[in-house]
Amino acid sequence: MKKEVVFGTIFLMVAFCGRLSSKNSHINSFSCDNNLQVSAAISKTSDFTFNLYKNPFSCFGSHMSLLCSYDDVLGTDSLILTDLTKGREADKLLFQINPVNVNNKHEKVHYTATPIELRGKTKDGNISIFFESPQVLHICSDNLDLQFSGRFEGNAYSFPFQEDVFHLNGQYNNTFIVRDKGIAITVKSGILSYNNNCFLLKKDSKRKIEVVVEQYFGDWIPKHYTTSKEIILDRLKKEYSEWENKIASVSPEYEEGRKLASYMSWSCMYEPRGNITRYGMSMSKGFMLYIWSWDHCFNALGLSYSHPKLSWDQFMIMFDHQDNRTGALPDYIGANNKLWTVKKPPIHGWTLSLLLQQYVPEKDKLEEVYNKLSNWTNYWLNCRDDDGNGLPQYYHGMDSGWDNGTCFDVGMPAEGPDLAAFLVLQMEVLSDLAEKLSDSLAAKKWNECSKTMLDRLIKEFWNGEKFITRRTGTHEVNPNSQSLMSYLPIVLGKRLPKNIREKMISDLKKEGFLLTPYGLASESPKSLLYESDGYWRGPIWAPTTLIVIDGLKQCGEVELAKEIAKRFCDTCMKSGFAENFDALTGEALRDVSYTWTSSVFLVLAHEYLK
C-alpha cells in the first residue's frame with residue numbers, strides 16, 4: 001500500500017531518541033507481560049489492558065498520542081508524547097517523559113494502559129496519565145519527580161523564563177508556552193525548573209505532581225484546569241463503555257480481539273482539523289498517521305454495524321478533497337498534509353454497496369455520493385487510459401495499493417484485472433444509485449459501461465489459467481509472478497463465467513499456494529519472488545483478505561470464505577492488528593497497530609464467524 005519501509009511503532013521512537021529499542025515488542029497485544037500488569041478494571045465492558053509497546057495511548061478526537069518503548073541507555077521503559085498534526089517527521093516529538101529519583105537519575109518504571117488511563121509504577125511511586133479532552137492531557141505522579149526532555153531550546157517562539165518561573169503574564173505565571181510545538185504546559189502542583197532541554201518537576205509538600213499539557217491551534221487561551229481526576233475518569237469511563245458496547249458483536253473466542261479493535265477505532269479518531277474535515281479515523285497513531293484513500297473504506301465498513309453515521313463520514317472524508325477538474329482523490333490526507341502524486345484503487349463502489357446494507361442515507365446524501373462517485377469513476381475512464389483501449393491503468397504500484405507487487409516488475413504503467421473489476425462494480429453501483437434517484441438514462445448508461453468493462457476484462461486479462469496484469473503498450477507480463485492480485489476479480493462473483501470462477505476457487509483452496517495456516521499470502525510462498533517481509537511480495541494483508549472473502553461468498557463458496565476468515569482472525573488474535581503478517585509464521589510486520597486490520601477483523605468475526 002505505502003512505499004515507506006516501516007518497522008512498526010518502534011521506528012518512530014528510534015527517529016525521536018536514537019536509542020530506544022524494541023525490547024518486549026513480541027508481547028501479545030491483548031495483555032501486557034506479567035511483570036507489566038497493574039490491576040485496572042475500568043468497567044464491566046472495558047476491563048482489559050493493552051500493550052503500550054504496540055498500541056499508542058490516545059483518545060477519541062485527539063491529535064496527540066503517547067508511545068512506549070524500552071530505552072537501552074536508561075535501562076527502563078520510556079514514554080514519548082507526540083504531535084500527530086506534524087505528519088511522520090521527527091519534529092512531531094513533543095517531549096519524552098521519565099520519572100527521576102532525588103539525584104535526578106532515571107527510575108525504572110513499568111507502564112500499562114487501559115482505554116482511559118495510562119499508569120506507571122516504580123519502586124517508590126506511581127504515574128497516572130489521562131486525557132480530559134482531545135486537546136488536554138493530565139500527567140500526575142505520586143511520590144515521584146518527573147523529567148520532560150525534548151528540543152525546547154533554539155526556539156525563537158518560546159517565552160523566556162527567569163528564576164525558574166515561566167512567564168506568560170502576571171496572572172498565569174505557572175504556564176509555559178512552546179509556540180512552535182503548539183503546546184501549553186501548566187503546573188497545577190509541583191515545582192518546575194529547566195536545564196539543558198529538560199523540564200524538571202519536583203514533588204510538592206504533599207509529594208504530588210500534576211501537570212496539564214494543552215495542544216492548541218491558533219493561540220492558547222489562558223485558563224484554569226479545575227475538574228478533578230475522579231470526575232474526568234468517571235466521564236471517560238461512561239463514554240468509552242458506551243462506545244465499546246455498540247461495536248460489532250463477535251463470538252466469545254474473539255471477544256478479546258473485539259475489545260482491542262474497539263479501543264483502536266475509538267482512540268485513532270481525529271477531530272476535524274485542517275484537512276481533516278470530519279471526524280476521521282487514522283490508520284495508526286503510531287507511525288502511519290494519515291488517512292489513505294482506500295484504507296478509509298475498510299474503517300467505514302468496520303464502523304457500519306455500530307456507528308452508521310460516523311461510518312458514512314469515514315467513507316466521505318476523502319471525497320471532501322476531490323479535485324473538481326478531474327474527479328481524482330488524493331493519495332492521503334493529514335491535518336497539515338495531502339499527497340496527490342499517486343492515487344489508490346477505486347474500491348469505493350464495492351464499499352458503498354456494503355455500507356448501504358447497514359445504513360440508508362437521506363436523499364441529499366445519496367445525490368452527493370452519486371455525483372462524487374461518478375466523477376471518481378470518470379477520472380479513471382478519462383485520465384488513465386493512455387492507449388485508448390478502454391482499460392484504465394496504474395502509473396505506479398502505489399496507485400493499486402500493491403506498492404511493490406510482483407505483477408509490476410516488468411515496468412509501468414500497467415493495466416490489470418483488479419482495476420477493471422473494481423470499475424465494473426463501481427459502475428454497477430452507480431447504475432443502482434441513478435435508479436434510486438429516478439435518472440433512468442444515467443442508470444442505463446452506467447449499466448452498459450459496466451457490462452462493456454466486464455467483457456474487456458475477461459477478453460484481455462484471462463489467459464486460460466489466471467488473470468494477468470500487463471505493461472501498457474508492450475503487454476509484457478511477469479511470468480514468475482504468483483500474486484494474489486490476479487485473484488482479486490473473484491470479487492465479481494457470479495458475474496464471471498463459471499469456468500473462470502471454478503479455476504480461481506480451485507487455486508484459492510490449494511494449501512501452500514496462496515492459502516497458508518494464517519491466511520492468504522500476497523505472493524505465493526512457492527514463488528521465486530516470495531519475500532517473508534516483502535510488503536506486497538508475500539505477507540498477509542487485511543484489505544485483500546476481505547475483498548477475496550466477499551467474492552467467494554458471492555460465488556457461493558461460503559465455507560471456504562469462513563475458513564479463510566477464521567485463519568485471518570486467529571492470526572489477529574495471536575499477533576495483534578498489524579499492518580501485515582508473515583504468511584508462514586503469522587508474525588506481525590511493519591506498523592504493529594493498524595486500523596484497517598482491526599476493522600476487517602470486526603467485519604469478518606461479525607459476519608462470518610458468529
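All values derive from a computational prediction rather than experimental measurement.

Moving on: the sheet that holds strand S16 (residues 208-215). Within the open sheet, the 7 strands sit side by side as S5-S6-S7-S8-S16-S13-S12. Their pairing is antiparallel. At either end of the open sheet lies a strand with only one pairing partner, and these are strand S5 (110-113) and strand S12 (175-178). Neighbour-to-neighbour, the strand axes of this sheet turn through a mean angle of 20°, independent of strand direction. In the sheet, strand S6 (residues 118-121) pairs with strand S7 (residues 126-133) via 4 bridges, with the strands oriented antiparallel. Bridge pairing in S7 places Gly120 opposite Ile127. Across the face of the sheet, helix H2 (residues 229-246) comes into contact with S7 and strand S8 (136-142) while running at roughly 65° to S7.

The next subject is the environment of Cys569. Inspection of the secondary structure assignment puts Cys569 in helix H13 (residues 558-575). A C-alpha to C-alpha distance of 8.6 Å links Cys569 and Tyr518, two positions 51 residues apart in sequence. Not counting the four nearest positions on each side in its chain, Cys569 is found in contact with Tyr254, Phe601, Leu604, Ala605 and Leu609.

In this model, the protein chain carries an average pLDDT of 89, and 88% of its residues clear a pLDDT of 70 or more. Confidence drops under a pLDDT of 50 for residues 1-45, and excluding neighbours within four residues, the segment shows 145 contacts in the predicted structure.

Our focus in this paragraph is the packing of H2 against helix H3 (residues 255-267). Between H2 and H3, the shortest axis-to-axis distance is 9 Å and the interhelical angle comes to 120°. By the criterion of interaxial angle, the relationship of H2 to H3 is oblique. Where H2 crosses over H3, the two elements pack in a sense that is right-handed. In this structure, H2 contributes Tyr240, Trp243, Glu244, Asn245 and Lys246 to the contact, and H3 contributes Arg258, Lys259, Ser262, Tyr263, Ser265 and Trp266. Classifying every residue of the contact of H2 with H3 by side-chain character gives 4 nonpolar, 3 polar and 4 charged.

Within this structure, the stated rule accounts for 35 aromatic pairs. On the basis of an interplanar angle of 5° and a centroid distance of 4.3 Å, the ring pair of Tyr290 and Tyr332 is categorised as stacked. Placement of Tyr290 in the loop between strand S18 (280-281) and strand S19 (291-292) and of Tyr332 in strand S20 (residues 332-334) is noted, with a sequence separation of 42 residues between them. This pair shows no difference in class: Tyr290 is buried, exactly as Tyr332 is. Ring geometry for Trp402 and Trp536: centres 4.6 Å apart, planes at 35°, overall tilted. With Trp402 in the loop between helix H8 (397-400) and strand S22 (414-415) and Trp536 in the loop between strand S25 (519-520) and helix H12 (542-554), the pair connects residues that are 134 residues apart, well separated along the chain. When sorted by exposure, Trp402 lands in the same class as Trp536, which is buried. Feature note: the residues Trp294, Phe298, Trp350, Trp402, Tyr535, Trp536, Trp541, Tyr594 and Trp596 constitute an aromatic cluster, connected by ring pairs. Its guanidinium or amino end placed over the ring of Trp446, Lys445 lies 3.9 Å from that ring's centre, counting from NZ or CZ.

Note that Lys105 resides in the loop between strand S4 (93-100) and S5. Assessed through its relative accessible area of 55%, Lys105 is described here as exposed. Separated by 42 residues in sequence, Lys105 and Gln147 place their C-alpha atoms 9.7 Å apart. Residue contacts for Lys105: discarding those within four places in its chain leaves Pro99 and Val100.

The next thing to look at is the pattern of salt bridges. Taken as a whole and judged by the stated rule, the model has 34 salt bridges. For Asp409, the salt bridge identified is with Arg537, shortest N-O distance 2.9 Å. Of this pair, Asp409 sits in the loop between H8 and S22 while Arg537 sits in the loop between S25 and H12, placing them 128 residues apart in sequence. Relative accessible area serves as the criterion here: at 40%, Asp409 is assigned to the partly exposed category. Glu415 is the partner of Arg470 in a salt bridge, and the nearest nitrogen-oxygen pair spans 2.9 Å. Of this pair, Arg470 sits in strand S23 (residues 470-471) while Glu415 sits in strand S22, and the two are 55 residues apart along the sequence. When its relative accessible area of 5% is taken as the criterion, Arg470 is described as buried. Since its relative accessible area comes to 0%, Glu415 is described here as buried.

Before going further, it helps to examine unusual backbone geometry. Of note, the bond from Met412 into Pro413 is cis; its omega dihedral lies within 30 degrees of zero at -5°. Checked against the element boundaries, Pro413 lands in the loop between H8 and S22. Positioned with a positive phi, Asn143 is a non-glycine residue whose angle comes to about 70°. In this fold, Asn143 is placed in the loop between S8 and strand S9 (145-149). Residue classification places Asn143 among the partly exposed positions, given a relative accessible area of 24%. Phi at His475 is positive, roughly 60°, even though this residue is not glycine. You can see His475 is positioned in the loop between S23 and helix H11 (498-509). Judged by its relative accessible area of 37%, His475 falls in the partly exposed class.

This part is about the side chain of Ser58. Secondary-structure assignment places Ser58 in the loop between strand S1 (20-21) and strand S2 (64-71). A distance of 3.1 Å separates the side chain of Ser58 from the side chain of Lys285, its partner in a polar contact. Sequence-distant contacts of Ser58, defined by excluding residues within four places in its chain, comprise Met64, Ser65, Pro115, Phe131, Tyr263, Trp266, Ser267 and Lys285.

Time to look at helix H9 (residues 417-436). Across its 20 residues, H9 extends 29 Å between first and last C-alpha, which sits within 8% of the 28 Å expected from 1.5 Å per residue. Among the 20 residues of H9, 16 are classified as buried, and the element is accordingly described as predominantly covered. Just past H9, the residue Ser438 takes up positive phi, approximately 65°.

So, how was this worked out
Residues numbered from 1 in each chain as written. Predicted model: local features only at pLDDT ≥ 70, side-chain atom pairs only at ≥ 80, totals over all residues. Heavy atoms only, no water. Pairing = 2+ DSSP bridges. Helix = DSSP H or I, 4+ residues; strand = E, 2+ residues; numbered from the N terminus. Axes fitted to C-alpha atoms, helices over the stretch in contact; angles between N-to-C directions. Contact = heavy atoms within 4.5 Å. pLDDT = per-residue confidence, 0-100. Parallel < 35°, antiparallel > 145°, perpendicular 65-115°, else oblique. Left-handed = near helix turned anticlockwise from the far one by under 90°. Nonpolar A, V, L, I, M, F, W, Y, C, P; charged D, E, K, R; others polar. Phe/Tyr/Trp six-rings, centres within 6.5 Å; stacked < 30°, edge-to-face > 60°. Buried < 20%, exposed > 50% of the residue type's maximum accessible area, 1.4 Å probe, protein only. Lys NZ or Arg CZ within 6 Å of the ring centre and 35° of its normal. Salt bridge = Lys/Arg side-chain N within 4 Å of Asp/Glu carboxyl O. Polar contact = N/O pair within 3.5 Å; in protein donor to acceptor, adjacent residues only side chain to side chain. Expected span 1.5 Å × (residues − 1).

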